[in-house]
Number of protein chains: 2
Amino acid sequence: MADINSPVEIGVTTGPIRGSRKVYVAARTGSGVRVAMREIDLEGGEPSVRVYDTSGPYTDPNAAIDINAGLPQLRREWIMARGDVEEYDAREVRPEDNGQLGPDRSGGVPQFPNTVRRPLRAKAGQNVSQMHYARQGIITPEMEYVAERENLGREQIAKDREGQSWGAAIPEFVTPEFVRDEVARGRAIIPNNINHPESEPMAIGRNFLVKINANIGNSAVASDVASEVDKMVWSIRWGADTVMDLSTGRNIHDTREWIIRNSPVPIGTVPIYQALEKVGGIAEDLTWEIFRDTLIEQAEQGVDYFTIHAGVRLPYVPMAAKRMTGIVSRGGSIMAKWCLAHHKESFLYERFDEITEIMKAYDIAYSLGDGLRPGSIYDANDEAQFAELYTLGELTKKAWEQDVQVMIEGPGHVPMHKIKENMDKQLEACGEAPFYTLGPLVTDIAPGYDHITSGIGAAQIGWYGTAMLCYVTPKEHLGLPDRDDVKVGVVTYKLAAHAADLAKGHPAAQVRDDALSKARFEFRWRDQFNLSLDPDTAEQYHDQTLPAEGAKTAHFCSMCGPKFCSMKISQEVRDFAARQNSDSYLASENIRRETSAEEAEEAREGMEEMSRVYEQSGRELYIGQGDRERD
Amino acid sequence: MADINSPVEIGVTTGPIRGSRKVYVAARTGSGVRVAMREIDLEGGEPSVRVYDTSGPYTDPNAAIDINAGLPQLRREWIMARGDVEEYDAREVRPEDNGQLGPDRSGGVPQFPNTVRRPLRAKAGQNVSQMHYARQGIITPEMEYVAERENLGREQIAKDREGQSWGAAIPEFVTPEFVRDEVARGRAIIPNNINHPESEPMAIGRNFLVKINANIGNSAVASDVASEVDKMVWSIRWGADTVMDLSTGRNIHDTREWIIRNSPVPIGTVPIYQALEKVGGIAEDLTWEIFRDTLIEQAEQGVDYFTIHAGVRLPYVPMAAKRMTGIVSRGGSIMAKWCLAHHKESFLYERFDEITEIMKAYDIAYSLGDGLRPGSIYDANDEAQFAELYTLGELTKKAWEQDVQVMIEGPGHVPMHKIKENMDKQLEACGEAPFYTLGPLVTDIAPGYDHITSGIGAAQIGWYGTAMLCYVTPKEHLGLPDRDDVKVGVVTYKLAAHAADLAKGHPAAQVRDDALSKARFEFRWRDQFNLSLDPDTAEQYHDQTLPAEGAKTAHFCSMCGPKFCSMKISQEVRDFAARQNSDSYLASENIRRETSAEEAEEAREGMEEMSRVYEQSGRELYIGQGDRERD
């Protein structure tokens, strides 16, 4: 094992995403707030396209990345300037925080060298939640940042905005005041613990862009703290808006410290996991005191939102016993077991106001866990699920009484015709608090493809109003996702979230689709790659059959070849139409000859290119396939 | 090049799909019709599950497969018994049929050794379409086959049928009379050319299971006739209900012969592709005579449905000139060019009744092509698209006047909020003729993942009423799909089609989901793999982290490990609940101790298994991920 006192060698992926550069846009308010975005420059004099950027300093070539030091504290000044926080001595880290790690730390991971020993908390009687400020009418720098970020630097509305928003109130242009109002109403949250000043503010709410979450978790062997940090950086590179650290087993505390100090996105956790480790994995041995201690421990480290399964109440447990797949939430099953073993009401439910007191002292947002969500198509939308949902609605209002931010977790496994009922009931039961769903999977018969079965449900429920989508990878239900699975999961959910933004009519959404479509029609291949969610994969697929540089400007690809490229023919059709006099077509014969000549020439060039390709690849070139090919 | 007279060595994938066996179910009518299905046997005394089987004799270990001979002629007797067909001398194959292939056949592929020289056609004055029989009140063996096949061998309705069918008329139980009635009304088609007697009858219609199509196409080098046949067999193995041969370039005729003679599923083509090759690729040189000759050529070979772009009319072409991406249908752009160059109405439109005369003499179904479908989100649901759709509706009625079967092709690229309008307008314009859509893709920003962007749209439009979904592979818009891409495309569309069946409330649909969910909850891993759409991938993913045979019965997987498996805890919760007296819980303390002991034991075994895994894989084991893990 590496010497725990020497700095850790952690390799993370840095540098710009291909074809784009980091830009910082100053907030219109002149407050000095600068918002990170990604700008994609295009060829042929096309205007560049700005896209939402979750990747943090890692994609900025001018940023010095030092994993052992952590990221710069973007928000520290903003927090201190409010004058409502105090520094104090952090709770001592104990052996049970890292799975009974002894003083010799054998089996432990290296400790983060730059840990904050004096965290911040609200001064006595103060409330530092963004919701509290919003309700006082205060527009914070965090709210300004969110407003600029959601607009993607647009000065005015998109011309051709369309959509069906199912009652959402998406503005033409997001102002800081709009953000404040949404947070004040509880329709959006800005999760950012005052002890995570490295985070770039982002909003989760039905009237903002749909967000996605990626899950990572700690490893059972010491050296893997590096791979967890790498996985976090990798997932935000491809678009994860928040990351949940679902660590279990050993080294939970230390691994989390490495992740938070290096994360520019909000970090969520499920504190019951660590609490369970502290009692040796025996659910019945959990107590309020141990749970409370875990909340403080994680609050001081800077966790931005907590999943709390306070809706799993004793009377609901027997409802789940009738199910096909029982309780599929780990936190939910742990609490159900505790309730039954003690035949007591859940301490999470009974102590809810005390938990809220802690949340508001650090500005931690609730992610009220759906411990009784269905785990199969058969169990979807059943009694247990909705009984819990209405309890979560009751708890939402209790949290709001103390101005604490709340989002609500949702399923799971739901066939398409039952998805909307989930959204409608959640809006009604929880007063429009943001919905945060896992998929849902629309069928159970495709293990190995559950990023897709769930992506279908995610796109739909995102359209209906879900604010954040928790990703699912191809390994779901089967095993451990690796780095590649994480990327596939993130990109799949990013496209689902974007499809939802388009369908809702978010003004910022269609700009990128239009730019890519235009590049496609004009055969600007590099622009197509650069505008896509995953430029590397797009180019790699293209180059498998047409690797030559010349093919990057060719007016065809290997799917159809030069003679059968409908886009090429279509451009000729457009030329015809342009040249034709609307009430006389005498010229058509000339047009025909002219064009045949053009075409013969292009086809000749094309065929030469293709024959080179045959030699290179020895593969088929005219297979018909999909859009340009089916017919 | 291989000696064209020696039999071709063609390797195709044969043998049962893992965990299942081929069964033949005799039709209830006692007519002797036997329907192929796939039966998945389960462990633990669970009843076996029957699933729809498109794979033909290739998955029957008792079938002798000889690619050089072709498949047995399942339908030959049925066709001859009707007494309305005659044999005649086939049209001579000409050099232009294979791309100006000379008499020495240099550059040609081997000819299929077992070609039928005397094809069938309707006797003078006869109409051999299934629609014609249906309208005479005749129930054909083809209709009986379809009825049995759609029921998946069920004797009665599913107990817990639910769904939202958007006005479809899905019966509890499919009878031959129901099939006849649907075909007579034009709400379903059974595409099976009398010269393709090898095909197993299947129905495409809104009130039947949603079907999927896979595209293949011929290769530019001779030896690849083998890979095309292999690709056809590969795609039906994973669930393609029909296959389109989109061959262009050389060897079109010969390649198609190999495919049809070995295909148990209907084969579709786009005849304009071959016609264009016959005129050297110059659209303006196309004539009705050359097109007609091509229809006869393909009719005699046994093509089951033709994509005909008869809706691309001269007046609509200027509408497309305004678009972001013009015309993205190859056939559509070819016809648009022809219309403009000649300034004439399309000969496909003007000669439509003559085309229909040919269709009814062989029972070829129309797939009326959407030559003006949108190629981008920007162009979705525009004037050009719907102008063509209403023309397709007009042509549908003309085809029905001659009792010829029709389906209608649909988009393409459509954001989610505009998908339903496509379905609603199609139902209205085309009198409920089956809709056959390509995706649609719900966003344009994810090249490399367009099987997913389109799978999202496909699941939705399938739910709304689309009868068949044309697959899209990950290579869409970028290049040539390989064998792996074909499988990913087929499985993605199979899960989308199944999700649609579930949401529509098809009585046969949920049985498989429930069986898999139950297997999951009971940790019958092998059953989970075998019940899935792709058992090989499911097991491979599982075994990447838990390869040991013992893990196939372990009560956890590597996602959560033994202590955090919610399903395991949930089963304990169920045991608690079962043992608890509903009005007294005196026993709870004992239950608790008992269970802690059980758990400690299971955890111990579990950890031993896990530690073996660490050594084997050296990989992380507790990463949290998705459904059982997020919380």
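Since this is a predicted model, take the numbers as computed values, not measurements.

Below, the discussion takes up the environment of E350 of chain B. Position of E350 of chain B relative to the elements: it lies in helix α11 (residues 347–350). In this structure the C-alpha to C-alpha distance between E350 of chain B and R313 of chain B, which are 37 residues apart in sequence, comes to 9.7 Å.

Sheets are built from strands that pair by backbone hydrogen bonding, the pairs being arranged parallel or antiparallel. Residues and elements named next belong to chain A. Here we have 8 strands rolled up into a closed barrel, ordered β8-β9-β10-β11-β12-β13-β14-β15, and parallel in their pairing. Taken over all neighbouring pairs, the strand axes of this sheet differ in orientation by 25° on average, direction set aside. Pairing geometry for strand β8 (residues 211–216) and strand β15 (residues 468–470), over 3 bridges, is parallel. Considered in β15, the bridge of K211 is made with M468.

Before going further, it helps to examine the packing of aromatic side chains. This structure, assessed with the given rule, holds 22 aromatic pairs over all chains. Measuring from centroid to centroid gives 5.0 Å for F112 of chain B and W258 of chain B, while their planes differ by 85°, and the two rings are edge-to-face. Of this pair, F112 of chain B sits in the loop between β4 (85–87) and β5 (120–122) while W258 of chain B sits in helix α6 (residues 252–261); the two residues are 146 residues apart in sequence, bridging distant segments of the chain. The pair formed by F112 of chain B and W258 of chain B is uniform in burial state, with each residue classed as buried. Positioned over the ring face of F386 of chain A is K425 of chain A, at 4.7 Å from the centre of the ring. The lysine or arginine in question, R483 of chain B, covers the ring of W234 of chain B, its NZ or CZ lying 3.7 Å from the ring centre.

Before going further, it helps to examine empty space enclosed by the protein. Taken as a whole and judged by the stated rule, the model has 12 cavities of 30 Å³ or more. Looking at the lining of the largest cavity, the elements with two or more residues in it are β3 (49–51), α5 (225–237), α16 (483–504) and α17 (510–521) of chain A. In terms of residues, the lining of the largest cavity owes the most to one element, α16 of chain A, which gives 4 residues. Residue composition of the lining of the largest cavity, by class: 16 nonpolar, 4 polar and 9 charged. If you add up the space inside the second largest cavity, you get close to 140 Å³. In terms of lining residues, the second largest cavity is bounded by 15 residues, among which R38, Y52, R237, W238 and G239 of chain B are the most central. Residues that form the lining of the second largest cavity fall into these classes: 6 nonpolar, 4 polar and 5 charged.

The next subject is the layout of surface pockets. A volume near 780 Å³ is recorded for the second largest pocket. Together, 30 residues line the second largest pocket, and H451, V488 and Y541 of chain A together with V488 and Y541 of chain B are the ones closest to its centre. At the level of secondary structure, the elements contributing two or more residues to the lining of the second largest pocket comprise α15 (450–464), α16 and α19 (535–545) of chain A together with α15 (450–464), α16 (483–504) and α19 (535–545) of chain B. Along the lines of polarity and charge, the residues of the lining of the second largest pocket split into 10 nonpolar, 9 polar and 11 charged.

Cis geometry is adopted by the peptide bond preceding P440 of chain A, which originates at G439 of chain A and carries an omega value of 5°. Checked against the element boundaries, P440 of chain A lands in the loop between β14 (435–438) and α15. Cis rather than trans, the peptide bond between P411 of chain B and G412 of chain B has omega equal to 5°. Along the chain, the position of G412 of chain B falls in the loop between β13 (406–410) and α14 (419–429). One non-glycine residue, D403 of chain A, lies in positive phi territory at about 55°. Judged by its relative accessible area of 12%, D403 of chain A is buried. Positive phi outside glycine occurs at N381 of chain B, with the angle close to 55°.

Right, let's get into the pairing of strand β11 (residues 305–308) of chain B. Residues and elements named next belong to chain B. What you see with β11 is no split at all: Y305 and T307 on one side and F306 and I308 on the other are buried throughout. As paired strands, strand β10 (residues 267–269) and β11 are joined by 2 bridges and run parallel to one another. By the bridge assignment for β11, G268 is matched with Y305. Relative to strand β12 (residues 365–368), β11 runs parallel, the two being bridged by 4 bridges. Bridging across to β12, T307 finds its partner in S367.

Reading the values: rules and limits
Residues numbered from 1 in each chain as written. Chains lettered and ligands numbered in written order. Predicted model: local features only at pLDDT ≥ 70, side-chain atom pairs only at ≥ 80, totals over all residues. Heavy atoms only, no water. Helix = DSSP H or I, 4+ residues; strand = E, 2+ residues; numbered from the N terminus. Pairing = 2+ DSSP bridges. Axes fitted to C-alpha atoms, helices over the stretch in contact; angles between N-to-C directions. Phe/Tyr/Trp six-rings, centres within 6.5 Å; stacked < 30°, edge-to-face > 60°. Buried < 20%, exposed > 50% of the residue type's maximum accessible area, 1.4 Å probe, protein only. Lys NZ or Arg CZ within 6 Å of the ring centre and 35° of its normal. 1 Å grid on protein atoms, 1.4 Å probe; cavity = no way out; pocket = protein on both sides within 12 Å on 5 of 7 lines; lining within 4 Å. Points joined across faces, edges and corners; volume = space filled by probe spheres on them. Nonpolar A, V, L, I, M, F, W, Y, C, P; charged D, E, K, R; others polar.

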